[in-house]
Amino acid sequence: MIKKWWIFAICIVLIVAAAVPVRAAAASHPLFVHVIVAFQQQVDEQAVTTLQGNVTKRFDVIPAVAATVPITAVELLRRWPGVDYVQQDTTVAIDGQVTDWGVEKTKASVMHPQGVTGKGVKIAILDTGVDPSHPDLRVAGGVCLLSSCPHSYQDDNGHGTHVAGIIAAKDNEIGTVGVAPDASIYAVKVLDRYGEGNVSAVLSGIEWAIEHDIDIINLSLAAPEDAPALKAAIQKAYESGVLVVAAAGNNGYANGAGDTVEYPAKYDSAIAVAAVNKENVRLPYSATGPAIEVAAPGEDVYSTVPVALDRDGVRDGYTRMSGTSMAVPFVSGVLALYKQQYPERTNLELRQMLRGRALDLGAAGKDPWYGYGLVQAVSNQAPELTVKLLSVKKGEVAFSVTPTGNAVKGYRVYRNGKRLETLQTAATYTDYVVKGIYEYEFASIRNDGTESALSAPITVNVPDPDYKDLSASAWYMPEIVYLSSQGIVSGYNNGTIQPYQTITRAEVAVMLGRALHLDGTKRATVFRDVSSSDFASGYIQAAYEHGLINGYPDGTFRPQHPITRAETAIMLSRAYPLPDGLSMMFKDVTTRVTGHEAIAKLAAARITEGYPDGTFRPYQFVKRLEFFVFTARAANERFR
């Protein structure tokens, strides 16, 4: 007897608040059925064609095919040698449906001023598509995986664009801002204008995400019954390092009784998300059960929609929706913030961080309503540190930092909301800054790598140095101020440091002489073009005597000539003890390049990484800021 589930299509629905009719999957013939055939090892299309079926899609993510077969052949296909299982190709359909309060509630807004905005993290939104022309969204790419895509991945329903805005609406002073505004979002259209599609399209979307090195898959959809092929695909994605986030479902009971979590959220490899309101109370229809992992804002969420589909009475491209569909992108966005902060961590470690940082709600510990609690971008654990300001002097701000917890391995430092250091363990921390007012905060790091909340801010007023052309936001500012505090760099009489000017051989000799405490007394030199009255004569002669610099074959030093990057490497490798490095670190540095061994030493000591194109450019002249940075890194490992 043919099982009942072969007669009725099982509907996977996007989890939203309002219900609309669900359409059944269309069959090519009343006696044929759409199925997904999974094989134990290798795909055998002949198993389908022999039974008068037709293969419509072959998958790579799992050994399976989508096919149309006679309904009378289903049981025979299930028994075919090598076939693991056969399941109905389920219909996917919308069931119906942030305000900016959710970004605040998850504390994502705390991270944005620190530069933690999801930059570099790739998120695939498997949904109805995304509107690429919306002014508040930046779509990195995508694909339509439906049988007919007249407008590619353009959202012709509205749901996918709303989800995209919650994740990554731009911080551009219009509309709203997403949890991870700089994350790269990819529109993977697996649902049509009616919000309907098939499980095979979702499988293709997961496969596309794996192939395109996606970091996070957002699944704001659910189904009441298990789909083995979907489970296998999500497991494959998870094993590939992808984080999969899914809606728990909107079929919960008001009293919270029973296990009502739907699929794919119910799978262990997916993160099941429940929905709460502004008071951190579970929405009465949010699903409950042991699979619930975390909760997120899901009521009255304000986000983007295509203007043509904005039906709230104000056609401005924004509207409010509710449901666990809206909660999922909050979790995807927060995971993107984690991924940017901790790029070296695996998806399993980031998932554990999600659990550890969650704000416990409901019953103590993990519970079937809220899981581990409300998702949080930052830790709620108080910092286990005692921090005291020790001194403020020319360009230097010093603190004493003492851990107060047994499980603390170090700390991180934030200046004006921006993280300065990944991990510090010294009892004293010194920062180098130009004139200005700064606010410092500290966070403890436990042995398991988790970071605490930030300490109370300490405000510091630094009176000098005050270089007119050196901004506190310049990436090279600390290195220059460090050299200034050590008396190595003094700037010009007009109060500038001129970082983008090329540096001369005489200036390099003076800097190295000061850094190494050489005798700078003016005196005669071995070079015929450097007189005893020259301001740099003492340092030039001392540097020569210490083997740091050489002249030219004609007996000159050429003090006003600029130096190259290769010459810089040679001088620094002579002045400081640097480890040997591998030759051919850069594609333009061969054994024929003078100074190639010194260049390799700079790379091995992490003083330079070269340029993004893999070159070092050994014969390029050096700007003052480059020499300052290289010298600071050579003299002080803190800057490497």
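Preceding this paragraph is the structure being described.
Residues numbered from 1 in each chain as written. Predicted model: local features only at pLDDT ≥ 70, side-chain atom pairs only at ≥ 80, totals over all residues. Heavy atoms only, no water.

Draft legend 1. Expanded view of the overall build of the protein chain. Of regular secondary structure, the protein chain possesses 15 helices and 23 strands. When its C-alpha atoms are laid out on the principal axes, the protein chain stretches across 105 × 55 × 50 Å. Taken across its 640 residues, the protein chain has 56% of its residues classed as buried. Looking at the protein chain, you have 58 positive and 66 negative side-chain charges, and the mean spots of the two groups are 5 Å apart. (Helix = DSSP H or I, 4+ residues; strand = E, 2+ residues; numbered from the N terminus. Buried < 20%, exposed > 50% of the residue type's maximum accessible area, 1.4 Å probe, protein only. Lys, Arg positive; Asp, Glu negative; His and termini not counted. Charge placed at Lys NZ, Arg CZ, Asp CG, Glu CD.)

Draft legend 2. Here's a closer look at the packing of helix α13 (residues 565-575) against helix α14 (residues 596-604). Taken N-terminus to C-terminus, the directions of α13 and α14 make an angle of 70°; their axes are 8 Å apart at the nearest point. If you check the angle between α13 and α14, you find them roughly perpendicular. Taken together, the residues of α14 that come into contact with α13 (itself represented by A566, A569, I570, L572 and S573) are A598, I599, K601 and L602. In the contact of α13 with α14, the residues fall into seven nonpolar, one polar and one charged. (Axes fitted to C-alpha atoms, helices over the stretch in contact; angles between N-to-C directions. Parallel < 35°, antiparallel > 145°, perpendicular 65-115°, else oblique. Contact = heavy atoms within 4.5 Å. Nonpolar A, V, L, I, M, F, W, Y, C, P; charged D, E, K, R; others polar.)

Draft legend 3. Structural detail: the environment of I563. Mapped onto the fold, I563 is located in the loop between α12 (537-545) and α13. Once the C-alpha coordinates of I563 and V179 are considered, the two residues, 384 residues apart in sequence, prove to be 47 Å apart. Look past the residues within four positions of I563 in its chain and what remains in contact with it is I503, T504, R505, V508, T568, Q620, F621, V622 and F627.

Draft legend 4. Representation of the sheet that holds strand β18 (residues 396-403) within the structure. With antiparallel pairing, the three strands of this open sheet are ordered in space as β17-β18-β21. Either end of the sheet is taken by a strand with one partner, and the two such strands are β17 (385-393) and β21 (428-432). The mean angle between the axes of side-by-side strands here comes to 20°, regardless of whether they run parallel or antiparallel. Lying over the sheet, helix α10 (residues 477-485) contacts β18 and β21, oriented at roughly 100° with respect to β21. (Pairing = 2+ DSSP bridges.)

Draft legend 5. Local environment of unusual backbone geometry. A cis amide bond, omega 10°, links Y263 with the succeeding residue P264. By the element assignment, P264 lies in the loop between β12 (243-247) and β13 (271-276). Across the junction of D464 and P465, the peptide omega takes the value 5°, indicating a cis bond. On the secondary structure map, P465 appears in the loop between β23 (458-462) and α10. The phi dihedral of N280 falls on the positive side, at around 65°, and the residue is not glycine.

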